Amino acid sequence: MAAHLAAPPALLLKPGKERSLERRHPWVYAAAVARVEGEPDNGALVSVRGADRRFLAWAAFSPASTIRARCWSFDEAARIDGDWVAARVEAAVARRQALLESTSALRLVFGEGDGLPGLVADRYGSTLVVQFQSAGMESHRDRAIDALCARTGCADVFDRSDVALRAREGLPERSGVLRGNAPPALVRVHEHGVAYDVDVRRGHKTGFYIDQRENRRRLAELVQEHVRRTGRRPRVLNCFCYTGGFSIAAALAGAAQVLSVDSSADALALAAGNARINGTGAGPDGPAELRWDCADVFERLRELREAGERFDIVVLDPPKFATNQHQVERAARAYKDINLGALRLLEPGGWLLSFSCSGAIEVDLFQKIVAGAIFDAGSDCYLRARLAAGADHPTLMTLPEGEYLKGLLLERV
Ligand code: SAH
């Protein structure tokens, strides 16, 4: 029968492996798949079925990845095509509309969080920067970009699909202009009144740590609170500062001194440029003293302690120390080491903003690691708040792995 022949290929799960999909977790692991019916291409639409053949989800097939399929929808009646993708993109953009009042740098699409596994789309002013991280999403590239441009009114799209992840999806790395004009060497954005220049061609991720927006603002509020409480402008240490996001937010809020450490000279050059475009070191009560220190944070924390330095606020926002489960133990030691080093520099009553962006380290474990550092430092701390990525990085309750960025705001007793 023609209708039967036209049916999309199917992934049949092993008996007992249906539960995670029934709970709407959107990843199908290779180990759960009993067999593949039909001959789906890389990225093709497949139905995922239980051992008894009952429908569980529509998904995109990834024959080379351990995540063998990424679910589009759990609704059997859904028709997954370009229109469907475009509608999801439009909904994602609409959800962020209010954010444009406070920032011109925002994430418009955050993969699974927006029902579009494998698509990241960021907006920097009038430039869109996209990443296609899965074969399924790659096959809908043009429709996704059409929808992004139509909904935002942006005409310039730059591709940063130069991520290692693509190899696992059988896709080559790619970077370059997709639509319109090439972006300028630096794209200027404004976030909560602070200007930042972003290198969308070569910067980390798509150029900027958009996910830390609310935490940069939180830091600015802490600086102001410190001034109110003590009558003194705080000394701030920003470790792993990259292009100076936290440093400049602190300086503009009234910090007396900001010492920023990073091992990348290129990132520090951009950071210093970002300070300049905001009026170097200008705070509400006079200029802040900004120092950009090209060094290894692990070593520098020890040296600062030996030199007897103290800070009122310390920020730790390291790179991902654990990229998978096997690296968790080693990463835990590294997190503990820097947190211990930071706590030893912290004045009583001072604040530590400590982050981890390792998806493999869950928030409970991270909190235990930092608690261990607090114990070793012989200091007590209050947990004032848990910090996370901003609202433009939505986390699905069914996919806890999506909550990769976690932070603790601690106050030293
Ligand atoms: N906090 C930043 C993002 C940090 S990204 C922001 O809000 O924009 C991580 C940074 O850590 C990168 O800039 C990288 O150059 C730096 N880095 C990685 N390992 C380091 C080390 N051992 N010492 C100092 N910097 C390091």
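Residues numbered from 1 in each chain as written. Predicted model: local features only at pLDDT ≥ 70, side-chain atom pairs only at ≥ 80, totals over all residues. Heavy atoms only, no water.

**Observations concerning the sheet that holds strand 2 (residues 27–29)**
One key point about sheets: their strands pair by backbone hydrogen bonds, in either a parallel or an antiparallel sense.
For step 1, the next point in the chain: Read across the open sheet, the six strands follow the order 2-6-5-4-1-3; overall the sheet is mixed. Each edge of the open sheet is held by one strand with a lone partner, namely strand 2 and strand 3 (33–37). Across this sheet, the average inter-strand angle for adjacent strands is 35°, counted without regard to direction.
For step 2, the next point in the chain: The pairing of strand 1 (residues 10–13) with strand 3 spans four bridges and is antiparallel. Its bridge partner lying in strand 3, Ala10 is registered against Glu37. (Pairing = 2+ DSSP bridges. Helix = DSSP H or I, 4+ residues; strand = E, 2+ residues; numbered from the N terminus. Axes fitted to C-alpha atoms, helices over the stretch in contact; angles between N-to-C directions.)

**As for the packing of helix 3 (residues 82–95) against helix 5 (residues 141–152)**
For step 1, the next point in the chain: Where helix 3 contacts helix 5, the axes come no closer than 9 Å and their chain directions differ by 35°. The crossing of helix 3 and helix 5 is right-handed. Where helix 3 approaches helix 5, its residues Gly82, Asp83, Val85, Ala86, Val89, Glu90 and Val93 are matched on the opposing element by Arg143, Ala144, Ala147, Leu148, Arg151 and Thr152.
For step 2, the next point in the chain: Tallied by class, residues from the contact of helix 3 with helix 5 come to seven nonpolar, two polar and four charged. (Left-handed = near helix turned anticlockwise from the far one by under 90°. Contact = heavy atoms within 4.5 Å. Nonpolar A, V, L, I, M, F, W, Y, C, P; charged D, E, K, R; others polar.)

**Observations concerning the side chain of Arg49**
For step 1, the next point in the chain: Within the element layout of this structure, Arg49 appears in strand 4 (residues 45–49).
For step 2, the next point in the chain: Buried and unpaired, Arg49 has Glu76 as its nearest opposite-charge partner, separated by 4.2 Å.
For step 3, the next point in the chain: Those residues within four positions of Arg49 in sequence are excluded, and the remaining contacts are Ala10, Leu11, Leu12, Leu13, Arg54, Phe55, Leu56 and Glu76. (Buried < 20%, exposed > 50% of the residue type's maximum accessible area, 1.4 Å probe, protein only. Lys, Arg positive; Asp, Glu negative; His and termini not counted. Salt bridge = Lys/Arg side-chain N within 4 Å of Asp/Glu carboxyl O.)

**Re the layout of surface pockets**
For step 1, the next point in the chain: Put simply, the second largest pocket is a space of about 250 Å³.
For step 2, the next point in the chain: The wall of the second largest pocket is formed by 16 residues, among which Trp72, Phe74, Arg88, Gly115 and Leu396 lie closest to the centre.
For step 3, the next point in the chain: Considering every element that reaches the lining of the second largest pocket, the biggest residue donor is strand 6 (residues 67–73), with three residues.
For step 4, the next point in the chain: Counted by class, the lining of the second largest pocket contains seven nonpolar, four polar and five charged residues. (1 Å grid on protein atoms, 1.4 Å probe; cavity = no way out; pocket = protein on both sides within 12 Å on 5 of 7 lines; lining within 4 Å. Points joined across faces, edges and corners; volume = space filled by probe spheres on them.)

**Some remarks on helix 12 (residues 363–377)**
For step 1, the next point in the chain: Here helix 12 is 15 residues long and its end C-alpha atoms lie 21 Å apart, about the 21 Å a rise of 1.5 Å per residue gives.
For step 2, the next point in the chain: Of all the positions in helix 12, only Phe366, Ile369, Val370, Gly372, Ala373 and Ile374 are classed as buried.
For step 3, the next point in the chain: Those residues of helix 12 that are buried are in contact with helix 11 (328–343), strand 20 (346–356), strand 21 (381–388) and strand 22 (406–412). (Expected span 1.5 Å × (residues − 1).)

**Structural notes on the packing of aromatic side chains**
For step 1, the next point in the chain: Evaluation of the coordinates by the stated rule reveals eleven aromatic pairs.
For step 2, the next point in the chain: Arranged with centres 6.4 Å apart and planes meeting at 75°, the rings of Phe240 and Phe321 form a pair that is edge-to-face. A residue pair is termed long-range when its members are at least 10 positions apart, and Phe240 in the loop between strand 14 (235–239) and helix 8 (245–253) and Phe321 in the loop between strand 19 (311–316) and helix 11 qualify at 81 residues.
For step 3, the next point in the chain: Given a relative accessible area of 16%, Phe240 falls into the buried group.
For step 4, the next point in the chain: Consider the rings of Phe321 and Tyr335, whose centres lie 4.7 Å apart with planes at 50°: the pair is tilted. Of the two residues, Phe321 sits in the loop between strand 19 and helix 11 while Tyr335 sits in helix 11, which places them 14 residues apart along the sequence.
For step 5, the next point in the chain: Residue Phe321 is classed as buried on the basis of its relative accessible area of 16%.
For step 6, the next point in the chain: Among the aromatic side chains, those forming a connected cluster through ring pairs are Phe240, Phe298, Phe321, Tyr335 and Phe366.
For step 7, the next point in the chain: Residue placement shows Arg235 over the ring face of Phe311; its charged tip is 4.5 Å from the ring centre. (Phe/Tyr/Trp six-rings, centres within 6.5 Å; stacked < 30°, edge-to-face > 60°. Lys NZ or Arg CZ within 6 Å of the ring centre and 35° of its normal.)

**Brief notes about the nonpolar core**
For step 1, the next point in the chain: Counting 39 residues, the largest nonpolar core has Tyr124, Leu219, Val223, Ile313 and Leu353 as its most contacted members.
For step 2, the next point in the chain: Breaking this core down by element, the ones donating at least two residues are strand 7 (105–110), strand 12 (187–191), strand 13 (194–198), helix 7 (213–230), helix 8, strand 19, strand 20 and strand 21.
For step 3, the next point in the chain: With six residues, helix 8 is the single largest residue contributor to this core.
For step 4, the next point in the chain: The contact partners of Leu353, leaving out residues within four places of it in the chain, are Asn215, Leu219, Leu222, Ile313, Val314, Val315, Leu316, Leu387, Leu408 and Leu409.
For step 5, the next point in the chain: Within the second largest apolar cluster, 36 residues are counted, among which are Leu301, Phe311, Val328 and Cys381. (Core = buried A, V, L, I, M, F, W, Y, C linked by side-chain atoms within 4.5 Å.)

**Focus: helix 7**
For step 1, the next point in the chain: Taking 1.5 Å of rise per residue, 18 residues should cover 26 Å, and helix 7 covers 26 Å from first to last C-alpha, within 8% of that figure.
For step 2, the next point in the chain: Two residues or fewer after helix 7 comes Gly231, characterised by a positive phi angle close to 75°.

**With respect to the confidence of the model for the chain**
For step 1, the next point in the chain: Mean pLDDT over the chain stands at 96; residues scoring 70 or higher make up 97%.
For step 2, the next point in the chain: No element of the chain has a lower mean pLDDT than helix 1 (residues 2–5), at 50, and none a higher one than strand 19, at 99. (pLDDT = per-residue confidence, 0-100.)

**Some words on the pairing of strand 20**
For step 1, the next point in the chain: The buried fraction of strand 20 is high, at eight of eleven residues.
For step 2, the next point in the chain: Since strand 19 and strand 20 lie parallel, the crossover through helix 11 that links them has a hand, and here it is right-handed.
For step 3, the next point in the chain: Note: strand 20 against strand 22, six bridges, orientation antiparallel. Following the sheet pairing, Ser354 is matched in strand 22 by Leu408. (Right-handed = clockwise from strand over helix to strand, strands pointing away.)

**Some words on the site of the ligand**
For step 1, the next point in the chain: The environment of the ligand is formed by 16 residues, the closest being Asp262, Ser263, Asp296, Val297 and Asp317.
For step 2, the next point in the chain: The separation between an oxygen atom of the ligand and a polar side-chain atom of Asp262 is 2.6 Å.
For step 3, the next point in the chain: A total of 580 Å² of accessible area belongs to the ligand in isolation, and the protein chains cover 90% of it. (Near = heavy atom within 4 Å. Polar contact = N/O pair within 3.5 Å; in protein donor to acceptor, adjacent residues only side chain to side chain. Areas by Shrake-Rupley, 256 points an atom, 1.4 Å probe, with all protein chains shown as cover.)

**Side note on the sheet that holds strand 18 (residues 289–294)**
For step 1, the next point in the chain: On the basis of which strands lie adjacent, the open sheet formed by seven strands has the order 18-15-14-19-20-22-21 and mixed pairing. Strands at the two margins of the open sheet, each flanked by one partner only, are strand 18 and strand 21. Going from strand to strand, the sheet's axes swing by 15° on average, the running direction of each strand aside.
For step 2, the next point in the chain: One ladder, built from five bridges, connects strand 14 with strand 15 (residues 257–262); its direction is parallel. Bridged to Asn238 within strand 15 is Ser260.
For step 3, the next point in the chain: Helix 7 contacts strand 14, strand 19, strand 20, strand 21 and strand 22 of the sheet and is inclined by roughly 175° relative to strand 20.
For step 4, the next point in the chain: Packing against the sheet, helix 8 makes contact with strand 14, strand 15, strand 18, strand 19 and strand 20, and its axis sits at approximately 180° to strand 15.

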